Amino acid sequence: MKTGNNNEIRRICCIGAGYVGGPTMIVFADNCPHINFYVVDISKEKIDAWNNEDLSKLPVYEPGLDKLVRECRGKNLFFSSEIEKNIAKADMIFISVNTPTKKKGIGAGKASNLIYVEACARQVAKHAKNHTIVVEKSTLPVRTAEVIKKILGETQNSVTINSCKPTFDVLSNPEFLSEGSAVKDLNEPDRVLIGGESKEAIDILSEIYKNWVPEYKILHTNIWSSELAKLTANAFLAQRISSINSISALCEATGANIAEVSRAIGTDNRIGSKFLDSGPGFGGSCFKKDILNLVYLSKHFGLPEVANFWESVVEMNNWHQHRISRLIVQKLFGTISGKKILILGFAFKANTNDTRESAAIQICKDLLEEGAHLVIHDPIVNSNQIAIDLESNSIVNKNKKVIYKSDNYEGNWSYTDDINSEFVNTHAIVILTEWEDYKKIEWSNCSKLMKKPAWIFDSRLIIKPSEVLAADLNLWQIGYGT
Ligand code: UDX
Ligand code: UDX
């Protein structure tokens, strides 16, 4: 824990205790013991979970997070449902609520729904006292800060009887953390971006970061550049994944090997070696949503060619996920109806319990549509979450086994927390998340129990082909042409 000396800011409130707000404030609290952090959320259930004595029950799973919660909670870090009171007492407020893609109305399917952000701004406007710096942490479409400013501005300009009018500065400070490595990313960010008009407010927020981030990494921009930079960073990263996944299909068709191609292009300094792993398609709460936002904005500003360019990144991702489910069906003789298939991994990547936009959702839905019986395993994601994602209900069948089914799909699925007990009569094993546990599977043991000819589908390139082939199993690996 480091110490600092920020006179101005003594009390920070963060609205939204989710995957971004929770870890961000925990790392802030660890690095700034002289500031008190109050994380509030409309979900009482979530706040209770953050306050749970049993640290394995925190609502967000991130390596190293439980240790920090143990150190800071109750000292300078508090999780609370008292939103209004904590807004009123705060010197600085972070808005870290979710901004889902709009389902209806103008921009449906693409634009972000700002209803929660607007609601927060109104709450802040109503309850804040004195001067408050409002920091936009959620990823938002460009020019959202303007909405926040307008709502806050109305309060600022309105006549109040007590003449105790609050005043506001609005900053954009997008978060670049990656789930699964959030603690490290927050402690050692590549950069911190602060956009805003008030130099004084920017300096105050910079001072807080300087408690643990070197000054040269703190970039100041105008507010719109900051908002657009966040969308662009996610769009570029997602574009890399779609690019490499598109080439993986070509590798399979031509006999090249995607791992070799990635290594070869990654040694070019201009390209760089990171984010070149072909997989089952990108997931997570941000990539798709942010690109669709970019698409919407481009169309809105009369740039259809720009919109089409970015939309193709999402289209490639969708196509790629269907491609994987189609080839599973093909390899299993064109039908998987009633066949038992073991799915390894449901989270959108390893080391997180987050399933939002996980490739596993679409691939499992495709396989269920073909009538398969899936047995799904994930070391962290629980069956309730999978049931929500696959829109299914549980039924207890005559062997007292819980089976899940949906009216939308012919097949059904069950959950297992012990993969070793599920190899019997399995036609195929499909690896969808790169959890370490899956690298340790004894393929020779599992082969003896599987239904032959049995297939292993490795969409994450994590297993050694020689071990699988020696065990008399068929193997498909992403981007591996034969
Ligand atoms: C993610 C992204 O990381 C973020 O950048 C994006 O803009 C939205 O989605 P995340 O923290 O992952 O944010 O979202 P989530 O885990 O859903 O957490 C948001 C929290 O805000 C929820 O716990 C929700 O209950 C809370 N919330 C929402 C409020 O407290 N008040 C509201 O008015 C609305
Ligand atoms: C992303 C951004 O990286 C982060 O900066 C931003 O703040 C939020 O969105 P996140 O969604 O947590 O972070 O995970 P990330 O590691 O970027 O992975 C996104 C998806 O791409 C995952 O499904 C992952 O499996 C996939 N991926 C990533 C690949 O398929 N190959 C890669 O080489 C890297």
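Presented here is a report on the structure given in the accompanying data block. (Residues numbered from 1 in each chain as written. Chains lettered and ligands numbered in written order. Predicted model: local features only at pLDDT ≥ 70, side-chain atom pairs only at ≥ 80, totals over all residues. Heavy atoms only, no water.)

For the rest of this paragraph, the subject is the site of ligand 1. What surrounds ligand 1 is a group of 19 residues, the closest being Val-20, Asp-41, Thr-99, Thr-139 and Arg-356. Within the backbone of Tyr-19, a nitrogen or oxygen atom sits 3.0 Å from an oxygen atom of ligand 1. Between ligand 1 and Lys-46 there is a distance of 2.9 Å, counted from an oxygen atom to a side-chain nitrogen or oxygen. Protein coverage of the free-state accessible area of ligand 1, which is 700 Å², stands at 90%. Looking at the shell around ligand 1, its residues break down into six nonpolar, nine polar and four charged. (Near = heavy atom within 4 Å. Polar contact = N/O pair within 3.5 Å; in protein donor to acceptor, adjacent residues only side chain to side chain. Areas by Shrake-Rupley, 256 points an atom, 1.4 Å probe, with all protein chains shown as cover. Nonpolar A, V, L, I, M, F, W, Y, C, P; charged D, E, K, R; others polar.)

Membership of the largest hydrophobic core comes to 56 residues, with the highest contact counts inside it found for Leu-374 and Trp-443. Beyond its immediate chain neighbours, meaning those up to four positions away, Trp-443 contacts Ile-429, Ile-431, Tyr-438, Ile-456, Ile-463, Glu-467, Val-468, Ala-471 and Leu-473. Within the second largest apolar cluster, 45 residues are counted, among which are Ala-29, Val-60, Met-92 and Tyr-209. (Core = buried A, V, L, I, M, F, W, Y, C linked by side-chain atoms within 4.5 Å. Buried < 20%, exposed > 50% of the residue type's maximum accessible area, 1.4 Å probe, protein only. Contact = heavy atoms within 4.5 Å.)

Once that is clear, we can look at the environment of Glu-422. Along the chain, the position of Glu-422 falls in the loop between β13 (412-415) and β14 (428-431). Classification of Glu-422 by relative accessible area gives buried; the value is 10%. As for Glu-422 and Val-375, which are separated by 47 residues in sequence, their C-alpha atoms are 7.7 Å apart. Ignoring any residue separated from it by four or fewer positions in sequence, one finds Glu-422 in contact with Lys-340, Leu-342, Val-375, Lys-401 and Thr-416. (Helix = DSSP H or I, 4+ residues; strand = E, 2+ residues; numbered from the N terminus.)

The next point concerns the site of ligand 2. Within the structure, ligand 2 sits among 19 residues, and Phe-176, Leu-177, Glu-179, Asp-277 and Lys-349 are positioned closest to it. Glu-175 places a polar main-chain atom, nitrogen or oxygen, 3.2 Å from an oxygen atom of ligand 2. Note that an oxygen atom of ligand 2 is positioned 2.8 Å from one of the side-chain N or O atoms of Lys-349. Protein contact buries 91% of the 660 Å² of open area that ligand 2 shows by itself. When residues in the shell around ligand 2 are grouped by element, the largest group, four residues, is from helix α9 (residues 223-254). Class assignment for the residues of the shell around ligand 2 results in 10 nonpolar, three polar and six charged. Each of domain 1 (6-221) and domain 2 (317-477) contributes no fewer than three residues to the shell around ligand 2. (Domains from an automatic or database assignment.)

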